Amino acid sequence: MHANQSQTINCKSKNIYTPAPARTLLPMKHTFVFLITLFAFSTITTLQAGPPKGFVALFNGKNLDGWQAKKNGWAVEDGVLVRKPGSGYIWTKKSFGDFVLDLEVKVSSRCNSGIFFRTDPKNAVQGGFEIQVMDTTGKTKLGKHDHGAFYDALAPSANPAKPVGQWDRFIITCKGPKITVSINGKQVVNANLDDWTTGNKNPDGSRNKFKTALKDLPRTGHIGFQDHGQNVWYRNVYLKKLD
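Just so we're clear, the structure is a prediction, and the values are computed from it rather than from any experiment.

Caption draft 1: Inspection of the confidence of the model for the protein at higher detail. Averaged over every residue, the pLDDT of the protein is 87; residues scoring 70 or more account for 80%. For the stretch residues 1-20, pLDDT sits under 50, and the model shows 21 contacts to residues farther than four places along the chain or on other chains. Long-range and interchain partners of residues 22-26, a stretch whose pLDDT sits below 50, account for three contacts in this model, where long-range means more than four residues apart.

The structure is reproduced here in structure tokens:
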């Protein structure tokens, strides 16, 4: 007999109707609250997981300690570094040479930003290196200005970016002249600065913006994020020194 069917019991030749016991269900309201709590907890866990072993947090998720930026520019919201209109660049106060930089970035539609490293903040365009951060959703033909590119020097080999509004994980490794970039676990750049021997020229013969050959640029400098006019978010910014 199915649990939901009524049961009829014969007692002293009289039919006595006994309803089947009702199922106990979790009220919809409680289910909704549980799911919201679970989602919030998972989000907090992601933000507060802490640096991987051997890494330190460059961004503490609370304030801009350790960074230099324009007043009333970049802000911290819910553990995330947020670009505000007119923010300009934001730079680490310390310089770094050889390292692994592990971070997450989220772009807005048509976003254009960049991750700078080994850079002189007073001469960001010519005095350092940049990994492009850009909305290139679904793009297959990639150039030297697309998401993950070694800016103006080497196009990414693939486009493993997630859709706009989702977090991409970048791992940038600098060791001497070797530069590698991975996005969401897939390597997209493998460069050797010593291959760039001439100013304004890439190894493939194409032009670049750098007046100085990349092999001759300093191999230590600041790490920074760029405001290029569109909203962008950074979080879980960790670094491991290799020197």
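Caption draft 2: Quick peek at the sheet that holds strand β9 (residues 112-119). Read from one edge to the other, the open sheet built from five strands follows the order β4-β7-β14-β9-β10, with strand pairing classed as antiparallel. Of all strands in the sheet, those with a lone pairing partner are β4 (67-69) and β10 (129-134), marking the two edges. Averaged over all pairs of adjacent strands, the angle between their axes in this sheet comes to 25°, without regard to strand direction. In terms of strand pairing, β9 meets strand β14 (residues 221-225) through three bridges, oriented antiparallel. For Ile115, the partnering residue across the bridge sits in β14 and is Phe225.

Caption draft 3: Quick look at the nonpolar core. Counting 41 residues, the largest nonpolar core has Leu101, Ile115, Phe150, Phe225 and Tyr234 as its most contacted members. Considering every element that reaches this core, the biggest residue donor is strand β8 (residues 99-107), with five residues. Beyond its immediate stretch of four places on either side in the chain, Leu101 contacts Leu58, Ile115, Phe170, Ile171, Ile172, Ile223, Val237, Tyr238 and Leu239.

Caption draft 4: Region of the structure containing the pattern of salt bridges. One pass over the full model with this rule turns up ten salt bridges. Between Asp102 and Arg169 there is a salt bridge, and its shortest N-O distance comes to 2.5 Å. Taken as a pair, Asp102 in strand β8 and Arg169 in strand β11 (residues 168-175) lie far apart in primary sequence, 67 residues in all. What makes Asp102 buried here is its relative accessible area of 5%. A salt bridge links Asp216 to Lys215; the shortest N-O distance between them is 2.9 Å.

Caption draft 5: The pairing of β8, seen in detail. Within β8, nine of the nine residues are buried, which leaves the element mostly enclosed by the surrounding structure. The alternating pattern of β8 places Phe99, Leu101, Leu103, Val105 and Val107 on one face and Val100, Asp102, Glu104 and Lys106 on the opposite face, and all of these are buried. Note: β8 against β11, seven bridges, orientation antiparallel. Paired with Leu103 across the strands is Phe170, a residue of β11. By the bridge criterion, eight bridges tie β8 to strand β15 (residues 232-241) in an arrangement that is antiparallel. Along β15, the bridge assignment pairs Val107 with Val232.

Caption draft 6: Looking closely at the packing of aromatic side chains. Evaluated as defined, the whole model comprises ten aromatic pairs. Ring geometry for Tyr89 versus Phe116: centroids 5.3 Å apart, planes at 85°, classification edge-to-face. Note that Tyr89 is positioned in the loop between β6 (80-82) and β7 (90-96) and Phe116 in strand β9, a separation of 27 residues in sequence. Among the residues examined, Tyr89 registers a relative accessible area of 28% and is labelled partly exposed. Given the relative accessible area of 2%, Phe116 is considered buried. Of the aromatic side chains, those joined through ring pairs into one cluster are Phe99, Phe117, Phe129, Phe150 and Trp196. Between Lys106 and the ring centre of Trp233, over which it is positioned, the NZ or CZ distance is 5.0 Å.

Rules used throughout
Residues numbered from 1 in each chain as written. Predicted model: local features only at pLDDT ≥ 70, side-chain atom pairs only at ≥ 80, totals over all residues. Heavy atoms only, no water. pLDDT = per-residue confidence, 0-100. Contact = heavy atoms within 4.5 Å. Pairing = 2+ DSSP bridges. Helix = DSSP H or I, 4+ residues; strand = E, 2+ residues; numbered from the N terminus. Axes fitted to C-alpha atoms, helices over the stretch in contact; angles between N-to-C directions. Core = buried A, V, L, I, M, F, W, Y, C linked by side-chain atoms within 4.5 Å. Buried < 20%, exposed > 50% of the residue type's maximum accessible area, 1.4 Å probe, protein only. Salt bridge = Lys/Arg side-chain N within 4 Å of Asp/Glu carboxyl O. Phe/Tyr/Trp six-rings, centres within 6.5 Å; stacked < 30°, edge-to-face > 60°. Lys NZ or Arg CZ within 6 Å of the ring centre and 35° of its normal.

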